[in-house]
Amino acid sequence: MTFTVRFWGTRGSIPSPGAQTVRYGGNTPCVEVRSAEGLLVVLDAGTGIRELGRSLIDRANGKPIRGDIFLTHAHWDHIQGLPFFAPVFQEGNHFTIWGSKAMETSIGRVVRDQMSPVVFPVTFDQLAATIDVKELSDRLSLHQAFDVRAFPVQHPGGALGYRFAPLTPSSNGNEPQRALVYISDNELSQTEHYESLVAFCKGASVLVHDSMFTVEEYRQHVGWGHSTYEDAVELALKAEVERLVLFHHKPERTDDEVDRRTDECRALVARRGGRLEILAAAEGLTLNV
Ligand SMILES: [Zn+2]
Ligand SMILES: [Zn+2]
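As a further point, take the packing of aromatic side chains. All told, the structure shown has 12 aromatic pairs when counted by the stated rule. An angle of 5° between the planes, with centres 5.6 Å apart, marks the rings of Phe 70 and Trp 98 as stacked. Note that Phe 70 is positioned in strand E4 (residues 66–70) and Trp 98 in strand E5 (residues 94–100), a separation of 28 residues in sequence. Judged by relative accessible area, Phe 70 falls into the buried class, the value being 0%.

Within the protein, Asp 77 (OD), His 78 (NE2), Asp 185 (OD) and His 248 (NE2) serve as the donor atoms for the zinc ion (ligand 1), at 2.1 to 2.2 Å. Considering all 4 donor atoms around the zinc ion (ligand 1), angles at the metal cover 89 to 167° and the coordination shape is irregular. Read in sequence order, the donor residues coordinating the zinc ion (ligand 1) give the pattern D-H-x106-D-x62-H.

With that out of the way, let us pick up the sheet that holds strand E6 (residues 130–136). The strand order E6-E5-E4-E3-E2-E1-E14 describes an open sheet built from 7 strands, whose pairing is mixed. Each edge of the open sheet carries a strand with a single partner, namely E6 and strand E14 (286–288). Between one strand axis and the next, the sheet turns by 20° as a mean value, whatever way the strands run. The pairing of strand E2 (residues 30–34) with strand E3 (residues 40–43) spans 4 bridges and is antiparallel. Bridge assignment links Glu 32 to a residue of E3, and that residue is Val 42. Against the sheet, helix H1 (residues 48–60) touches strand E1 (4–9), E2, E3 and E4, its axis set at about 35° to E2.

Burial of E5 is extensive: 6 of the 7 residues sit out of reach of the surface. Across 5 bridges, E4 lies against E5 in parallel orientation. Bridging from a neighbouring strand, Gly 67 pairs with Phe 95 of E5. Relative to E6, E5 is paired through 7 bridges, and the arrangement is parallel. Looking at E6, one finds that Ser 100 is bridged to Leu 136. Taken together, E5, helix H3 (residues 107–113) and E6 constitute a β-α-β crossover, and its handedness is right-handed.

Here the focus is unusual backbone geometry. In this structure, His 143 is a non-glycine residue whose phi angle is positive, near 50°. If you trace the backbone, His 143 turns up in the loop between strand E7 (139–142) and strand E8 (146–153). The phi dihedral of Gln 144 falls on the positive side, at around 55°, and the residue is not glycine. Assignment of secondary structure puts Gln 144 in the loop between E7 and E8.

A separate point is the pattern of salt bridges. With the rule as written, the count across this model stands at 19 salt bridges. Residues Glu 32 and Arg 59 are paired through a salt bridge, measuring 2.9 Å at the closest nitrogen-oxygen approach. In this pair, Glu 32 sits in strand E2 while Arg 59 sits in helix H1, placing the two residues 27 residues apart along the sequence. Given a relative accessible area of 42%, Arg 59 falls into the partly exposed group. Glu 51 is the partner of Arg 50 in a salt bridge, and the nearest nitrogen-oxygen pair spans 3.7 Å. Judged by its relative accessible area of 40%, Arg 50 falls in the partly exposed class. A relative accessible area of 29% means that Glu 51 is categorised as partly exposed. The structure contains a network of salt bridges with shared partners spanning Glu 217, Lys 250, Glu 252, Arg 253, Glu 257, Arg 261 and Glu 264.

Calculation notes
Residues numbered from 1 in each chain as written. Chains lettered and ligands numbered in written order. Predicted model: local features only at pLDDT ≥ 70, side-chain atom pairs only at ≥ 80, totals over all residues. Heavy atoms only, no water. Phe/Tyr/Trp six-rings, centres within 6.5 Å; stacked < 30°, edge-to-face > 60°. Helix = DSSP H or I, 4+ residues; strand = E, 2+ residues; numbered from the N terminus. Buried < 20%, exposed > 50% of the residue type's maximum accessible area, 1.4 Å probe, protein only. Donors = N, O, S within 2.8 Å, 3.2 Å for Na, K, Ca; no water. Tetrahedral: all angles 85-135°; square planar, octahedral: opposite > 155°, others 65-115°. Pairing = 2+ DSSP bridges. Axes fitted to C-alpha atoms, helices over the stretch in contact; angles between N-to-C directions. Contact = heavy atoms within 4.5 Å. Right-handed = clockwise from strand over helix to strand, strands pointing away. Salt bridge = Lys/Arg side-chain N within 4 Å of Asp/Glu carboxyl O.

All we've got here are geometric facts, nothing functional implied.
Shown next as structure tokens:
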């Protein structure tokens, strides 16, 4: 049983369009996940969700769109695309927004406030689609399609990492369970429960992880909540994942530099004798899990 993962936004912190970022993309985080049965899950609602919305409307052919949107946290780069997600302006569509129970300000409050009249012309209550906001702390079974687990990661104000594994009642138990782990923002070198995090990522088919900084850059940004390429690779090796996707690219990072950093990560894996595959997240990249 496989599912697919498609990247619509890969950039951290702020959109960064321009000639130097066209290949990996300038939109902030948004990832589309589809179960084998076609169930829609969206990870984060950065500016990448705008293009996803247009694509969903095209693909729906006038039929209602339903989906579950999992937010890692409420920093701008993870919610700012929501008011531009066209399906929420269409009656008959239904979305559930999921966020952490542990936030100081509830996820529903934050999502509403970014559409307050001071900063946006349409209020949340004017949206034509049905939108539920729900909170989760550690685990849930999503529409009998995915086993979803959440893990609190190291990030200012708190954030969640998510693990998605398909629920396959028909499986005979001999197939290895395929899983996607998505950790958009996380400061690995400050992580208090590192071994628990390794266990959370253990054996994933795909690990999407924050790799915002080089070691030199990180020295100037300790405590900002992001990781180095090296730390992301180390986590992936320890957790014995199959593929690591470098994610949340620094806004200034050019395409050519992402290429070089990806090569360096591959060289690091080779020096360790690992079999880990390294990819850099790019808008349009689609993976089968
Ligand atoms: Zn972020
Ligand atoms: Zn953040």
